[in-house]
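Architecture and fold: a report
Listed here are the chains, written in short residue letters.
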Amino acid sequence: MPSRSDSRPVPTPAFPLATLPRTEGGALLSLARSLAAGGGAPALRGRNLALVCEEDNADTALLRRAATGLGMQVARIRPALGAGSSPRDIEETARVLGRLYAAVEWPGMPLAMLEQVARGAGVPVYDGMSSAGHPLAQLAGQLPGEASHEDKRCLLLQAVLVGTLS
């Protein structure tokens, strides 16, 4: 993991790419199975998740359900950065997000900006992981059991949160 000048690690965005590496997918499935079996997942109570989007939808509601199920608080924030944002604006926004939130979900943000925010915030920044079209949702079909596809997606979202925030 790259480092800053103050020696704190710089987290990289979790799963911003079109495909999940096989090793990460396997680890997430294993953690999700453990969560489903009541495997004593570490509680994320008291941690805050920023959901940066214009409005809630079914995908963001699923992420909210996953996070609150782990004891997290979720705040929806309207995006204020865009293609015309200055590097200073991005840096300042990232710094504030990093101080207030344990992680940030920012669907649809260009990858270069997402990486800048992740470096500046010092917390995990996710790129649309709650989207039904995200590779994470495709893993849900690989989870055993009678649970609905949505419930399995929720478990995988929880696995990402526990895996990156514990």
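Note: the structure precedes this text.
An account of the accompanying structure is given in this report. (Residues numbered from 1 in each chain as written. Predicted model: local features only at pLDDT ≥ 70, side-chain atom pairs only at ≥ 80, totals over all residues. Heavy atoms only, no water.)

1. Points about the overall build of the protein chain
Along the protein chain, the regular secondary structure elements total six helices and four strands. Each helix (α) and strand (β) of the protein chain, taken in turn from the N terminus, gives the series α-β-α-β-α-β-α-β-α-α. Taken over 166 residues, the protein chain has a buried fraction of 43%. Long-range pairs, those at least 24 residues apart, make up 66% of the contacts in the protein chain between residues at least 6 apart in sequence. By element, 51% of the accessible surface of the protein chain is carried by carbon and sulfur atoms, the whole surface being about 8600 Å². (Helix = DSSP H or I, 4+ residues; strand = E, 2+ residues; numbered from the N terminus. Buried < 20%, exposed > 50% of the residue type's maximum accessible area, 1.4 Å probe, protein only. Contact = heavy atoms within 4.5 Å. Areas by Shrake-Rupley, 256 points an atom, 1.4 Å probe, with all protein chains shown as cover.)

2. With respect to the packing of helix α3 (residues 87-100) against helix α4 (residues 111-121)
The interhelical angle for the contact between α3 and α4, taken along N-to-C directions, is 55 degrees, at an axis separation of 7 Å. When the axes of α3 and α4 are compared, the pair comes out oblique. Considering only the axes of α3 and α4, their crossing is right-handed. Where α3 abuts α4, its residues I90, A94, R95, L97 and G98 lie against M113, Q116, V117, G120 and A121. Per-class residue counts for the contact of α3 with α4 are six nonpolar, three polar and one charged. (Axes fitted to C-alpha atoms, helices over the stretch in contact; angles between N-to-C directions. Parallel < 35°, antiparallel > 145°, perpendicular 65-115°, else oblique. Left-handed = near helix turned anticlockwise from the far one by under 90°. Nonpolar A, V, L, I, M, F, W, Y, C, P; charged D, E, K, R; others polar.)

3. Some thoughts on the pairing of strand β1 (residues 48-52)
Of all the five residues making up β1, four are buried; the element is thus mostly covered by neighbouring parts of the structure. The sheet contact formed by β1 and strand β2 (residues 73-77) spans five bridges and is parallel. What sits directly across from N48, in β2, is Q73. For the crossover that starts at β1, traverses helix α2 (residues 58-69) and ends in the parallel β2, the hand is right-handed. Note: β1 against strand β3 (residues 103-105), three bridges, orientation parallel. Among the inter-strand pairings, A50 is bridged to a residue of β3, identified as V104. (Pairing = 2+ DSSP bridges. Right-handed = clockwise from strand over helix to strand, strands pointing away.)

4. Observations concerning the sheet that holds β2
Taken in spatial order, the four strands of this open sheet run β2-β1-β3-β4, and their pairing is parallel. Sheet topology places β2 and β4 (125-126) at the edges, where each strand pairs with a single neighbour.

5. As for the nonpolar core
Core analysis: the biggest nonpolar cluster contains 32 residues, and L49, Y126, M129, L136, L156, L161 and L165 have the highest contact counts within it. Those elements that place two or more of their residues in this core are α1 (22-36), β1, α2, α5 (135-139) and α6 (149-165). The biggest single contributor to this core is α6, with nine residues. Not counting the four nearest positions on each side in its chain, L165 is found in contact with L44, R47, M72, A102, A103, P124 and Y126. Core analysis: the second largest hydrophobic core is formed by 17 residues, A94, W106, A121 and V123 among them. (Core = buried A, V, L, I, M, F, W, Y, C linked by side-chain atoms within 4.5 Å.)

6. As for α6
The terminal C-alpha atoms of α6 lie 24 Å apart, and with 17 residues this matches the ideal 24 Å at 1.5 Å per residue to within 8%. Of all 17 residues making up α6, 12 are buried, and the element is well covered by its neighbours. (Expected span 1.5 Å × (residues − 1).)

7. Overview of the pattern of salt bridges
For the structure on display, the rule yields eight salt bridges. The partner of D56 in a salt bridge is R64, with the nearest N and O atoms 3.4 Å apart. Classification of D56 by relative accessible area gives partly exposed; the value is 40%. Exposure remark for R64: the relative accessible area of 25% places this residue in the partly exposed category. Among the salt bridges present, the one from R65 reaches E150, with a minimum N-O distance of 3.4 Å. One end of the pair, R65, is in helix α2; the other, E150, is in helix α6, with 85 residues separating them in the sequence. The class for R65 is partly exposed, based on a relative accessible area of 35%. Judged by relative accessible area, which is 45%, E150 ranks as partly exposed. Through salt bridges with shared partners, a single ionic network connects D56, R64 and R76. (Salt bridge = Lys/Arg side-chain N within 4 Å of Asp/Glu carboxyl O.)

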